[in-house]
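Descriptive structure summary
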Amino acid sequence: DARVTQTPRHKVTEMGQEVTMRCQPILGHNTVFWYRQTMMQGLELLAYFRNRAPLDDSGMPKDRFSAEMPDATLATLKIQPSEPRDSAVYFCASGMGGSETQYFGPGTRLLVL
Amino acid sequence: GDSVTQMEGPVTLSEEAFLTINCTYTATGYPSLFWYVQYPGEGLQLLLKATKADDKGSNKGFEATYRKETTSFHLEKGSVQVSDSAVYFCALDQGAQKLVFGQGTRLTINP
C-alpha cells in the first residue's frame, strides 16, 4: 500500500531555531506539494514541484522558508529562523502529472515556542 | 480569484441521519471539483470527485453532483455512521493540479 511519508510527525522547538521537515512521495509520482494547515487560515498551498523543479512557491514566505527536492524520493521544507506564528501542521502531498488526485502524508505538527 | 465556500461547522448528527454539507465555488471556467476527508491525526484523503457539469461523484455512500447553474457541489449521505466523524474539505482544481480548499467542516456522529 503506497503512501506518502513525512518526518518528523511532531516537532517542538524554540523561536529562532532551524526546522527541517522531510517528505517521501509515493514512488513514481512526479508532483509534490507542501501545505500548511492552521485553525485560522485553513489549508494553504506553500509550494509545489514537478519533476523536482519548483513550479510555484508564491504561497511561501521567502525570507524564512525554503523548499527543495534533492532527489525524486525526497522533498524538504526548511524554516530558518522559526517563529511562533509558524506553528501549524505541515502536509506533503504527491501526485502524477496529468492526474488531479493528490495523496497526502500524515503531516508534521510543528510547535514553535 | 478562485475560491471555495463551505457551510460552517461543526455539524453534529445522530447515527443513521441524513447528511448534507454545502459547498459553493467561484471560478473561471468549469474546474474539477473534489471532496477530501481528514480523519483525526491523519492527512487528507480523496473521497470523491467530479470533472464536468452534471457529473456525480460517489464513494462509501457519499455523493455529490456538479451543478454549474448554482456553482455548487454539496456532499450528501443517506445514513451516516459513527465512523464518518471527520473533517470534510471541498476543493476545486485551479489548473496545473493546484487545488483550492474550503475551510473544512467538522462532522461528529453520535451513536
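Attention in this report is confined to the structure presented alongside it. Just so you know, the residues in each chain are numbered from 1, in the order the chain's sequence is written. Numbering of ligands from 1 and lettering of chains from A proceed in the order in which they are written. The model is predicted, so local features are restricted to residues of pLDDT at least 70 and side-chain atom pairs to those at 80 or more, both for listing and for counting; the totals for chains, interfaces and linings are taken over all residues. Where side-chain values are given, they derive from all heavy atoms of the structure, hydrogens and water being excluded.

**Remarks on the interface of chain A and chain B**
Whether two residues are in contact is decided by their heavy atoms, any of which lying within 4.5 Å being enough. Contacts between chain A and chain B engage 26 residues on the former and 19 residues on the latter. On the chain A side of the contact with chain B, Leu43(A), Glu100(A) and Phe104(A) bury the most area, a combined 35% of that side's loss. The term salt bridge refers to a side-chain nitrogen of Lys or Arg lying within 4 Å of a carboxyl oxygen of Asp or Glu. Viewed at the interface, chain B and chain A are joined by 1 salt bridge. Between Lys98(B) and Asp56(A) there is a salt bridge; the shortest N-O distance is 2.5 Å. Whenever a nitrogen or oxygen atom comes within 3.5 Å of another N or O atom, the pair is scored as a polar contact, on the condition that within protein one atom can donate a hydrogen and the other can accept it, and that pairs from neighbouring residues in sequence are kept only if both atoms are in side chains. At the junction of chain A and chain B, the tally comes to 4 residue pairs in polar contact (both at pLDDT 80 or more). Numbered from the N terminus, helices here are DSSP runs of H or I no shorter than four residues, and strands are runs of E no shorter than two. Listing elements by their share of the side of chain A that touches chain B, those giving two or more residues are strand E4 (31-38), strand E5 (42-50) and strand E9 (88-95) of chain A. With 5 residues, the top contributor of residues to the side of chain A that touches chain B is E5(A). Only Asp, Glu, Lys and Arg are considered charged, only Ala, Val, Leu, Ile, Met, Phe, Trp, Tyr, Cys and Pro nonpolar, and every remaining residue, Gly among them, polar. The residue makeup of the side of chain A that touches chain B, split by class, is 11 nonpolar, 11 polar and 4 charged. Defined in terms of a 1.4 Å probe, buried area is the accessible area two parts forfeit on being brought together, summed over both.

**Some thoughts on the nonpolar core**
Counting 26 residues, the largest nonpolar core has Trp35(B), Leu47(B), Leu48(B), Phe73(B), Leu75(B) and Tyr88(B) as the members making the most contacts within it. Listed by contribution, the elements that provide at least two residues to this core are strand E3 (19-21), strand E4 (23-26), strand E5 (33-38), strand E6 (44-50), strand E8 (62-65), strand E10 (86-95) and strand E12 (105-110) of chain B. With 4 residues, E10(B) is the largest single contributor of residues to this core. The next biggest cluster of nonpolar side chains, apart from the first, holds 22 residues, and it includes Val32(A), Phe49(A), Ala67(A) and Cys92(A). Only buried residues count toward a nonpolar core. Its members are Ala, Val, Leu, Ile, Met, Phe, Trp, Tyr and Cys residues joined through side-chain atoms within 4.5 Å. Here the term buried applies to any residue with accessible area under 20% of the maximum for its type, exposed to any over 50%, and partly exposed to those in between, with areas from a 1.4 Å probe on protein chains only.

**Examining the sheet that holds strand E1 (residues 5-7) of chain A**
Residues and elements named next belong to chain A. Strand order in the open sheet made by the 4 strands is E1-E3-E8-E7, with antiparallel pairing throughout. Of all strands in the sheet, those with a lone pairing partner are E1 and strand E7 (65-71), marking the two edges. The average undirected angle you get between the axes of adjacent strands in this sheet is 20 degrees. As paired strands, E1 and strand E3 (residues 19-24) are joined by 3 bridges and run antiparallel to one another. Each bridged residue has a counterpart across the sheet, and for Thr 5 the counterpart in E3 is Gln 24. Two strands qualify as a pair provided DSSP detects at least 2 bridges between them. Under this scheme, a helix contributes an axis fitted over its contacting stretch, all axes are lines through C-alpha atoms, and angles between N-to-C directions fall in the 0 to 180 degree range.

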